[in-house]
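# Understanding the architecture of this molecule
Below, each chain spelled out in residue letters.
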Amino acid sequence: MNNIITSQQPYVAELTKDVTTTARCLFCKAPLRHTFVDLGMSPLCESYRTKEQLNQMEPFYPLHVKVCDNCFLVQLEQYVSAEHIFSEYAYFSSFSDSWLKHSSKYVELISNRFNLDGRSLVIELASNDGYLLQYFVKKGIPVLGVEPAVNVAKAAEQKGVPTLVKFFGRQTSLEMVAGGRLADLVIGNNVLAQVPDINDFVAGIRLILKPGGVATLEFPHLMRLMQENQYDTIYHEHFSYFSLLTVEKIFAAHGLILFDVDEIPTHGGSLRIYLKHIEDSSEPVTPAVTNLRERELAAGLNGLMAYNAFSEQVMESKRKLLELLIRLRSEGKRVAGYGAPGKGNTLLNYCGIRADFIEFTVDRNPYKQGRFLPGTHVPIYPVEQISNRRPDYILILPWNLKDEIIAQLDYAREWGAKFIVPIPEARILD
Ligand SMILES: [Zn+2]
């Protein structure tokens, strides 16, 4: 009898421990007690498999997203180290035409608005393959990229974009400041979400920003993610998901004030925020900031209820996509994918869609061609395979680029192929 009791005690203690050792908020350190959405187990979305790897074990990690009930930062616990994820990154920004167009437009706009010239310095954090800084170089504006992935940094140097191969944070910025490198403009596009220690990163921005300097950061807008079911933009590489309300608090805590915001269409709806030192009174806070703040409050982003409703919405979106694919496959239709983006991998793994539903996918990035999607092992071919194999339906995985892709694949209409987008809910396009 005694034995039974003692053998059960450790088990109970273990359970209690699980409940009490809750993870803490990346920003405010409050315990994380609330689920935003649980997408189950998924491989790292950029870990494309080679043929040899198909017969090996493949690591899967939880995609369980929480929301902080104190600051409402939506976040993913860090299951994999950032070094592991980002030191050989397969994402080359320059492979998307619309992204390049977006970047060159930004460079025009920002250099005019803030009078950048040959005496200025533009520093971009996570500068990737130089897709953006190359346009400043063309205008004769000095630049410096900071990029942790060796292979993409090399591609940037080849474009004439000087690049520091490092993770950015307080330490790196202190070294840059010591080397006399203060920025008139700091840019961070699609990097804030990927930062494992957000306080360290934001503190670093403040350090390298000149007294009259401006920082602009772009990131997917949480309100759009929630309103449009964009759960596939959740992956292990993205630790944080921001509303304006929360991001404002984070920067304010580090002495930076958010004075303007643009709502831009990239990645299904992003924000571009403008920041300056709190002591700098040169730019008034624009009505765009007040207006968006009010819309977020109206959407309930300052309370738990809105966040709690998201899970059910996501499950319904999954059921709709599976219903459509099951129907098409039952009718004997052939379905292919287009694209092999990170978001596609979250979607396919969460929905359990493998080569039984989509025969293959295609991608313009030669790095991915000949490899297989992580987890689902759908083969990735060059784009020409669409015309060789003539599928009846093409599931567009990077749905945010659907107009560009449909225009590129116009020839597929010759054999009557139709396009499907999976998000916000599965739909055949006319
Ligand atoms: Zn928090």
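What counts, and at which threshold
Residues numbered from 1 in each chain as written. Predicted model: local features only at pLDDT ≥ 70, side-chain atom pairs only at ≥ 80, totals over all residues. Heavy atoms only, no water. Pairing = 2+ DSSP bridges. Helix = DSSP H or I, 4+ residues; strand = E, 2+ residues; numbered from the N terminus. Axes fitted to C-alpha atoms, helices over the stretch in contact; angles between N-to-C directions. Parallel < 35°, antiparallel > 145°, perpendicular 65-115°, else oblique. Contact = heavy atoms within 4.5 Å. Left-handed = near helix turned anticlockwise from the far one by under 90°. Nonpolar A, V, L, I, M, F, W, Y, C, P; charged D, E, K, R; others polar.

What follows is about the sheet that holds strand 16 (residues 418-421). Sheet architecture is open: four strands sit in the order 12-15-16-17, paired in mixed fashion. Every other strand in the sheet has two partners, leaving strand 12 (335-338) and strand 17 (427-429) as the edge strands with one partner each. Strand-to-strand twist across the sheet, computed as the mean angle between neighbouring axes with direction ignored, equals 35°. With four bridges joining them, strand 12 and strand 15 (residues 393-396) adopt parallel strand pairing. Residue pairing across strands places Gly337 opposite Leu395, the latter belonging to strand 15.

With that out of the way, let us pick up the packing of helix 12 (residues 310-330) against helix 13 (residues 342-351). Each pair of packed helices can be summarised by the angle the axes make with each other and by the distance between the axes. Their axes nearest at 10 Å, the elements helix 12 and helix 13 cross at an angle of 80°. Accordingly, the angle class assigned to the pair helix 12 and helix 13 is roughly perpendicular. Only Leu347, Tyr350 and Cys351 of helix 13 make contact with helix 12, whose side of the interface consists of Val314, Met315, Lys318, Leu321 and Leu322.

For the pair helix 6 (residues 170-178) and helix 7 (residues 198-208), interaxial distance at closest approach is 8 Å and the crossing angle is 15°. Of the possible angle classes, the one that applies to helix 6 and helix 7 is roughly parallel. Pair helix 6 / helix 7 crosses with right-handed handedness. Side by side, helix 6 and helix 7 meet where Arg170, Ser173, Leu174, Met176 and Val177 of the first sit next to Asn199, Asp200, Ala203, Gly204, Leu207 and Ile208 of the second. Across the contact of helix 6 with helix 7, the residue classes break down as six nonpolar, three polar and two charged.

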